[in-house]
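# What the coordinates show
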Amino acid sequence: MISLIVLGLVTVAFFVFLAIQVWQRSSLHTTAGAVQLNPVDLDAFETLTDPEEEQYLKLNLPRAEFRRVQRCRIRAAKTYVSALSQNARVLVAAGQSVRHHPDESIAASGQELMQRAVQLKMRCLASTLRLNAALVFPTLLSPSNSVANRYLAAKHMAAVLDGKTVAQVRISSST
Amino acid sequence: MTLEHYIWLYLWIGPHLLLPLVAVLMYRRGQHKAFPIFLGYVFYQFLQSCFLLAVYLLKAPEVIYREAHLFGTAIETAFQFGVLQELFTPSVATGAPLRRGNARMLNWVAAGLVFVATFFVAALYYSKFDRPMVHTYLIVESINAAQCALIVLAFLWYRFLGLRMSPMAFGIAVGIGLETGADPLVVILKNSVSPASYPRVDILQMAIYHIAVLVWVYYAWVREKVPSESNAGLPQWTEQAHELERIVRP
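Residues numbered from 1 in each chain as written. Chains lettered and ligands numbered in written order. Predicted model: local features only at pLDDT ≥ 70, side-chain atom pairs only at ≥ 80, totals over all residues.

For chain B, the helix and strand inventory stands at nine helices and zero strands. The linear arrangement of helices and strands in chain B, starting from the amino end, is α-α-α-α-α-α-α-α-α. Relative to its full complement of 250 residues, chain B shows a buried share of 28%. The contacts in chain B between residues at least 6 apart in sequence include a share of 73% that link residues at least 24 apart. (Helix = DSSP H or I, 4+ residues; strand = E, 2+ residues; numbered from the N terminus. Buried ≥ 20, exposed ≤ 12 C-beta atoms within 10 Å, placed from the backbone. Contact = placed C-beta atoms within 7 Å.)

Here's what the structure looks like:
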């Protein structure tokens, strides 16, 4: 009997989940959110995750002090990764919104931006996991800064795409 | 023949007659390129139902019907896993290496979920292991639970990435979700009601399948809406991008 109750609850939860998805999709049609990017200082982020900087601190600080400082740096880096992840989400949405644009070059750029941003998002997820592990073992694991380079590439794509779209809007309005 | 029998017959034939419509709509909207496995699944379900209906109408021995149904369900399950893989793939990649990597990761996730679901279902049926057919139930329920979990993951994955599912992908996910979610519901009901009420439980399951097919028809028919706000907001977004550029590279 208990097994049936548990199975019943899980099934009901699943159907409720599906219903929420349908409801959210229908309500999203009417409320499109404004596009907004969080400002991120990539230089500061690169410094926080720079292996040379980390090596310097390791050599010049007592072991306990290094661990404490390193944990603080990792926590700060996590905040940056979180902001980058949110920006990647915005870039994904921006790319997706112009994927079916009548102008093929804009549509292609949108597709490329979306792909890069998706890769960035996945890299952010991996970085968050890595940073969490580094937080536990600050002396053994070192955080990676490759996520910053991916972000720059995706953001550059977005700037190019945006320039194209704005130019097209201007051409359309002048004709 | 009672009204209940007519309803039962309609719910058997009706949804399967709508399946070719799903295929035609998919072709007209060009969705067959993005979801070839789902299209194959639709054709397969149509052909399977034609065969089973013929077996039923020709009054063939019950064992033939049962074995054909069992064999058909196994193929159907394989198709469903393929369809679920299609749901994840277009969101991430158009390049072959990324698709392959994504498919490999998904296979591992699916295997892990089946493993976890088997433990979960085995724990539920622990006290009934000596009863007949319980092992078959265990396999079917484990696969259903894993598929439901994969559908939940698909929705969460899209949300995590900030991607909007295409109407067809959304429809497929909801339809398959209804189809796989109905099975445990039937198990619960059949364990709770008298055998005389089993046909009504079957009718409920068939009605849920009918809704799933209607969901596929609707989402195959509806066009993807591109929010007009996205284009209107782009110049404003450019300003924000330039601002970000200034902050990042002073």
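Now, onward.
Moving on to the overall build of chain A. Along chain A, the regular secondary structure elements total six helices and zero strands. Secondary structure elements of chain A occur, N-terminal to C-terminal, as α-α-α-α-α-α. Sorting the 175 residues of chain A into buried and exposed places 33% on the buried side. Within chain A, counting contacts between residues at least 6 apart in sequence, those at least 24 apart form 73% of the total.

One finds V92 of chain A together with A154, I172 and A173 of chain B to be the most contacted residues of the largest nonpolar core, which totals 68 residues. Sequence-distant contacts of I172 of chain B, defined by excluding residues within four places in its chain, comprise F35, F38, V83, L87 and W216 of chain B. (Core = buried A, V, L, I, M, F, W, Y, C linked by C-beta atoms within 7 Å.)

Residue and element names in this part refer to chain B. Between its first and last C-alpha atoms helix 7 (residues 198-221) spans 35 Å; for 24 residues at 1.5 Å apiece the expected length is 34 Å, and the two agree. Of all the residues in helix 7, the buried ones are Y209, A212, V213, V215, W216, Y219 and A220. Looking at the buried side of helix 7, the elements it contacts are helix 1 (3-28) and helix 6 (167-192). (Expected span 1.5 Å × (residues − 1).)

Looking now at the confidence of the model for chain B. Residues and elements named next belong to chain B. Averaged over chain B, the pLDDT score is 80; the fraction of residues at 70 or greater is 80%. Scored below 50 in pLDDT, residues 229-233 shows six contacts in the model against residues more than four places distant or in partner chains. For the stretch residues 240-250, pLDDT sits under 50, and the model shows 13 contacts to residues farther than four places along the chain or on other chains. In the predicted assembly, ipTM is 0.79 and pTM is 0.76. (pLDDT = per-residue confidence, 0-100.)

A packed helix pair is summarised by two numbers, namely the angle formed by the two axes and the spacing between the axes. Residues and elements named next belong to chain B. The interhelical angle for the contact between helix 1 and helix 2 (residues 36-57), taken along N-to-C directions, is 150 degrees, at an axis separation of 9 Å. As far as their axial angle goes, helix 2 and helix 1 are roughly antiparallel. Every pair of crossing elements has a handedness; the one defined by helix 1 and helix 2 is left-handed. Of the residues in helix 2, those in contact with I13, H16, L19, P20, V22, A23 and M26 of helix 1 are L39, V42, F43, Q45, F46, S49 and L53. Across the contact of helix 1 with helix 2, the residue classes break down as eleven nonpolar, three polar and no charged. (Axes fitted to C-alpha atoms, helices over the stretch in contact; angles between N-to-C directions. Parallel < 35°, antiparallel > 145°, perpendicular 65-115°, else oblique. Left-handed = near helix turned anticlockwise from the far one by under 90°. Nonpolar A, V, L, I, M, F, W, Y, C, P; charged D, E, K, R; others polar.)

Before going further, it helps to spend a moment on unusual backbone geometry. Most peptide bonds adopt trans geometry, and most residues besides glycine take a negative phi value. All names here are of chain B. Despite not being glycine, K59 has its phi angle at roughly 55 degrees, a positive value. As for its position among the elements, K59 is in the loop between helix 2 and helix 3 (62-92). In this structure K59 comes out as exposed when scored by C-beta crowding, with 8 C-beta atoms within 10 Å.

On to the environment of V118 of chain A. Residue and element names in this part refer to chain A. Turning to its location among the elements, V118 is positioned in helix 5 (residues 104-136). C-beta crowding within 10 Å serves as the criterion here: with 24 such atoms nearby, V118 is assigned to the buried category. Through-space distance from the C-alpha of V118 to that of L91 is 8.6 Å; in sequence the pair is 27 residues apart.

Right, let's get into the environment of A134 of chain A. Among the secondary structure elements, A134 of chain A is positioned in helix 5. Sequence separation of A134 of chain A and I74 of chain A is 60 residues, and the distance between their C-alpha atoms is 7.4 Å.

Now for the environment of V186 of chain B. Residue and element names in this part refer to chain B. On the secondary structure map, V186 appears in helix 6. As for V186 and R223, which are separated by 37 residues in sequence, their C-alpha atoms are 34 Å apart. In this structure V186 touches V201 and Q205, once residues within four positions along its chain are discounted.

This brings us to the confidence of the model for chain A. In low-pLDDT segments, the atomic positions of the prediction should not be examined closely. For chain A, the mean per-residue pLDDT works out to 76, and 74% of the residues sit at or above 70. Between residues 169-175 of chain A, whose pLDDT stays under 50, and residues either more than four places distant or in other chains, the model counts zero contacts.

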